[in-house]
Every structure is written in structure tokens, then in C-alpha cells.
Amino acid sequence: MLALIDYGAGNLRSVHNALQAAGGEGVQVTADPEAVRGADRIVLPGVGAFAACMNALSAIPGMVPALHERVIGGGVPFLGICIGMQLMADAGEEHGRHPGLGWIAGSVRRLAPADPALKVPHMGWNDVTPAREHPLIARGEAYFLHSYAFDPADAADTVAATDHGGAVTAAVGRDNLVGVQFHPEKSQAYGLAFLARFLEWRP
Amino acid sequence: MTVRTRVIPCLDVAGGRVVKGVNFVDLADAGDPVAQARVYDAAGADELCFLDITASHEARGTILDVVARTAAVCFMPLTVGGGVRSADDARALLLAGADKVAVNSAAVARPALVADIAERFGSQCVVGAIDARGVGPGRWEIFTHGGRKATGIDAVAHARELASRGVGELLVTSMDRDGTRDGYDLPLTRAIADAVSVPVIASGGVGNLDHLVAGVTQGHASAVLAASIFHFGQHSVADAHAALAAAGLPVREG
């Protein structure tokens, strides 16, 4: 069973649709920590602000401990999308400093393109350029929509980058964890192919 | 490369039906917005925009069903505008599957609406729609009610206000050019794009591919929206991408 975590994220429905289109069977949209403990694959969606998302996730009694137990303890494949990816960091610096799940060392900081003519939010299709070999990451173009980006403390945790007036983290990964800044659920064929690889992933 | 220039077809929808849409492809139901959205999805559109122009209050809910059915089959970014008056209106559209919600008249009357939505759902999902007309050299004013009602509000000042309240981008439509096919109001587009740090979508008046290019090179827009040149088969999304690429602008490969 794939647990798609429902904590009120705005892109929940689109992610659900895309997982099904990518061939996902047994996708369960859930806010139940017990379901998380029984999941063999977990997806955390998210759009909006870091603190608001972390607060909403933490507001579900037992959810954060259940995620930690199943993902870090149990080692099941985990995918974080957009803010769901940023929440894997130690902390986010959007509207003050807020703690994240702390699964991948690093902070989430506001984009500061070197060229002042470049716009923030970084919005639209851009490159996904692999930083190293990773079974889920393919070179291509995906849809980005964000004003903050994950800055991993260990460069080895960056598995793909994009460019918006300087390198911006497009994906992070370690062991059974992967997180993408782009929106696979909105990246047409590229995004569905990525989700299909995640559904088959055996880290 | 850097972030690509976005090409955005826009469909007007009323009572759940397309008002003026694609009429050059063989569709079983050419009035169905979902069928039309699939055409643009397959054609490689970078995003899609639905503008709900439903006049009657009773038929307002129909857009939610359209959005939900579109999001089930099209995996591309979808902006929906028209009649959004509250954060709850925005929430309903987002939960149905919209990625961004455009606010227009209600944010003219009450700019704090932008912050209401941005604080709950994030800036990335709030598009500030600005309908403007020229009222003098280098001066534009906000008009509401489909361009009929003057407000006395300066368009560039309103754009700055919406940006400060937290919109993620601005959709700038020239009501002077809308429907003329004479091209975007480039000075208007540029005045706003240069005044704010968020992306601007140029809208209103596209009659050919050169107009799309000018929207970016001279209007400083990050994205170009058009309706009739796509709907009537005059040009494809691929034609638009090719024209932008020929002008040296970054576009999606495929």
C-alpha cells in the first residue's frame, strides 16, 4: 500500500491523479498514523509555506513519529514533492526559522538569483540536470513553482540541480529518501515517468 | 538554459461549457472544456488557463466539476480565474485540482483578499489578474466588469499593491487590445513587469506569433497568454515555441 499523506496540501488531488496515471495501485490517501505504519511506500505532497505545512503535518496526532518510524526506521521508499521535499530539511527560513523533519541535513532558503531581472517565484519549465547517478533521476524538463529552495549541508545529498540565476537544488536523495523541488504531477510525460520509476523503486 | 518562456492557451468557460474554443480538431464534444484541455496537453502547452465567465450565480459551481475532470486527465499546470471572491472560493478550486487561482475584481475592491489566500495556500497559487485601459501617455487605469467599469486606480500602482500583498504572478490584460489581434499593449506590459519582482503574463490582443515574441522581448513578460490564434488553428503551441526560440528565448524542447 502506498500512503499519500493528507494534511491539507493543495496539490493532494493532483498528486493522487498522477500516481494513478503512472500505474500506482493501492494508493491510499490518509491522515492516519496507523496506515503510515503499514505502508510500503510513502509520498508527502505540499505547496505553500514551509511553516504552515510543517504545522499542519504536526497537527495530526502521531503523524510525524509514525513517518519517522516507517521511513527512517523501516526504510520504506519515501518521496517528498515541493514543500514535501523541503520538509525533509533540518529547518526552513520562510517567515522565520522553523524546524523540519531533519532527515537530510540542510536549510531551506529564499531564492536569490544573481541576475536581478530574474523573477521570484521561479515559475515554469526548467532543466532537471542529474548531479550524480540516481535510479529515479533522469535528465529532462520539469515544472517548477517555488520561492525557496533546499540547500543540503552535504553536497552528496543533491541528486539533481536546475538553474535560476545560479544552481538551485532540483532533487535531494539518500538511501530510501528522495525529494523533488519540481512538480512531477504537473510535468506531463516527464513527471509521470518519474512517478512510475518511484513506484518500482527498491532502494 | 534558464526557466522557459511559458506559452499559455486560455479557454473561456461559461456554465461548464467552452464559449469560444478549439474548432479545428475533430472533437466529439467541442464544447467540453476537458476535451479541449486534452488537446492542449497533447500539443505541449506549458500551462492552461480557464477563465470562468459564467454570469448566473446558479451555474457558478459548474467550474469545479470542469476543473476536477481536467485535473484527472491533464498533468499540466492549470490556472482558473473568474468570480473568485474569497479564500474559500480559492480553496474549492484548489481542492478540485487547480494549481493557481486568479483574482480580479474582488482584489480591486479588497486587495487584502490576496493575502488571505496567500497565507492559507501560498503565494505560488495566487495570480493577480489586472484588466487595464490606457488613459493617457504612459498611464493605465484598472477597469472591472469586463473592461466596462473604470475604477480610477492606476494600473502600475495596483500591480505593486498586489505584489506586496503576496501574489505569485500577475496576469496583465489590455482591455484596449483584447479581441483586436493588434498585439499586446507592450508599454503597459513592460511598465508592470519592470515594476514588480514576480513574473508577468502578457494577455490581450495576440494576432500572430510576432506578438508573442514582442510580449517577452519588448514587454518583458515571463509568459504569453493567447486564445484565438490557437483555438482557430492559425498557429499551434509548437509554432509559438519555435517563434520564441528563433528570437533567442528559452523554450521547452518537448
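On a predicted model such as this, the values are computed, not experimentally measured, just so you know.

**Q** Pulling in residues and values, what's your account of the overall build of chain B?
**A** The secondary structure content of chain B amounts to 10 helices and 11 strands. Principal axes of the C-alpha set define a box for chain B whose edges measure 45 × 45 × 35 Å. Per-residue burial over chain B gives 58% buried out of 254 residues. Here the analysis covers contacts within chain B between residues at least 6 apart in sequence; of these, 64% occur between residues at least 24 apart.

**Q** An account of the interface of chain B and chain A is requested, with residue identities and associated values reported.
**A** On the side of chain A, 28 residues touch chain B, which itself brings 37 residues to the contact. In this assembly, chain B packs against chain A so that about 2700 Å² is buried in total across both faces, 51% of it on carbon and sulfur atoms. Looking at the side of chain B facing chain A, the largest losses of area belong to V3(B), F75(B) and Q124(B), adding up to 27% of the total buried there. Inspection of the chain B/chain A interface yields 3 salt bridges. There are 20 residue pairs in polar contact (both at pLDDT 80 or more) connecting chain B and chain A. Sort the elements by how many residues they give to the side of chain B that touches chain A and helix α3 (residues 87-96) of chain B lands first, with 3 residues.

**Q** Got a sec to walk through the pairing of strand β6 (residues 126-136) of chain B? Specific residues and values, please.
**A** All names here are of chain B. Pairing geometry for strand β5 (residues 100-103) and β6, over 3 bridges, is parallel. Each residue of the ladder has a partner; that of V103, found in β6, is G128. Two strands pair when backbone bridges link them, and β6 and strand β9 (residues 169-174) are joined in this way by 6 bridges, in the parallel orientation. Looking at β9, one finds that G128 is bridged to L170. Where β6 meets strand β7 (residues 139-144), 4 bridges bridge the pair, whose relative direction is antiparallel. Residue pairing across strands places G134 opposite W140, the latter belonging to β7. Between β6 and the antiparallel strand that follows it, β7, lie 2 residues; G138 among them carries a positive phi value of about 65 degrees.

**Q** Tell me about the layout of surface pockets, residues and numbers included.
**A** Estimated volume of the largest pocket: approximately 1100 Å³. By residue class, the composition of the lining of the largest pocket is 18 nonpolar, 17 polar and 9 charged.

**Q** Can you tell me about the pattern of salt bridges, naming the residues and giving the values?
**A** In total, this model carries 20 salt bridges over all chains according to the counting rule given. Here R69(B) and D32(B) are joined by a salt bridge, their closest N and O atoms 3.5 Å apart. With a gap of 37 residues between them, R69(B) in helix α2 (residues 62-71) and D32(B) in the loop between β2 (17-20) and α1 (33-42) connect regions that are remote in the sequence. With relative accessibility at 34%, the residue R69(B) sits in the partly exposed group. The class of D32(B) is buried, set by a relative accessible area of 15%. Two residues, E47(B) and K100(B), come together in a salt bridge whose shortest N-O distance is 3.1 Å. Placement of the pair is E47(B) in the loop between α1 and β3 (48-52) and K100(B) in strand β5, with a sequence separation of 53 residues. E47(B) gets classed as buried once you look at its relative accessible area, which sits at 1%. Three or more residues are tied together by salt bridges with common partners; here these are E93(A), R97(A), R109(A) and D151(A).

So, how was this worked out
Residues numbered from 1 in each chain as written. Chains lettered and ligands numbered in written order. Predicted model: local features only at pLDDT ≥ 70, side-chain atom pairs only at ≥ 80, totals over all residues. Heavy atoms only, no water. Helix = DSSP H or I, 4+ residues; strand = E, 2+ residues; numbered from the N terminus. Buried < 20%, exposed > 50% of the residue type's maximum accessible area, 1.4 Å probe, protein only. Contact = heavy atoms within 4.5 Å. Buried area = accessible area lost by both parts, 1.4 Å probe. Salt bridge = Lys/Arg side-chain N within 4 Å of Asp/Glu carboxyl O. Polar contact = N/O pair within 3.5 Å; in protein donor to acceptor, adjacent residues only side chain to side chain. Pairing = 2+ DSSP bridges. 1 Å grid on protein atoms, 1.4 Å probe; cavity = no way out; pocket = protein on both sides within 12 Å on 5 of 7 lines; lining within 4 Å. Points joined across faces, edges and corners; volume = space filled by probe spheres on them. Nonpolar A, V, L, I, M, F, W, Y, C, P; charged D, E, K, R; others polar.

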